[in-house]
Amino acid sequence: PLLYIPLVENSLKHGVDPIKQSNITLQFINTADTLTFIVQNSYFPKDSQDKSGSGIGLENLNKRLEILYPDKSYTFEQSIVDQTHISKLSIPI
């Protein structure tokens, strides 16, 4: 469960605007050999003066994944599509 917390935290921290409509969607997909967690949230780019967030959460997530899955049997992807930030983490089960 600790693998998913940084992704949820980031969606709340960076995907919610006090004025604009904001959306967050969390989804788990379980197949025979993989558990995939997808987080989709509104994308509000930070301006150059915004110093919130150091990136330590995603850095720690990547370190945990490397320790737990040294064979690189996981996938972690992030993208931005139509003003939506998407994080997708798939781990073997």
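See above for the structure.
These numbers come from a predicted model, not from an experiment.

### Some details on the overall build of the protein chain
Helix and strand counts for the protein chain stand at two helices and four strands. Along the protein chain, helices (α) and strands (β) appear in the sequence α-β-β-α-β-β when read from the amino end. Here the C-alpha coordinates of the protein chain stretch approximately 40 × 25 × 20 Å along the principal axes. Taken over 93 residues, the protein chain has a buried fraction of 27%. Long-range contacts, defined here as pairs at least 24 residues apart, represent 56% of the contacts in the protein chain between residues at least 6 apart. When the accessible area of the protein chain is evaluated, it comes to approximately 6,400 Å², of which 55% is carbon and sulfur surface. With 8 positive and 10 negative side-chain charges, the protein chain shows a separation of 5 Å between the mean positions of the two kinds.

### Here we look at the nonpolar core
If you look at the biggest cluster of nonpolar residues, it comprises 13 residues, and the most contacted ones within it are Leu7, Leu65, Phe76, Leu89 and Ile91. Going through the elements one at a time, β2 (34-42), α2 (56-68) and β4 (84-92) are the ones with two or more residues in this core. It is β2 that contributes the most residues to this core, three residues altogether.

Parameters at a glance
Residues numbered from 1 in each chain as written. Predicted model: local features only at pLDDT ≥ 70, side-chain atom pairs only at ≥ 80, totals over all residues. Heavy atoms only, no water. Helix = DSSP H or I, 4+ residues; strand = E, 2+ residues; numbered from the N terminus. Buried < 20%, exposed > 50% of the residue type's maximum accessible area, 1.4 Å probe, protein only. Contact = heavy atoms within 4.5 Å. Areas by Shrake-Rupley, 256 points an atom, 1.4 Å probe, with all protein chains shown as cover. Lys, Arg positive; Asp, Glu negative; His and termini not counted. Charge placed at Lys NZ, Arg CZ, Asp CG, Glu CD. Core = buried A, V, L, I, M, F, W, Y, C linked by side-chain atoms within 4.5 Å.

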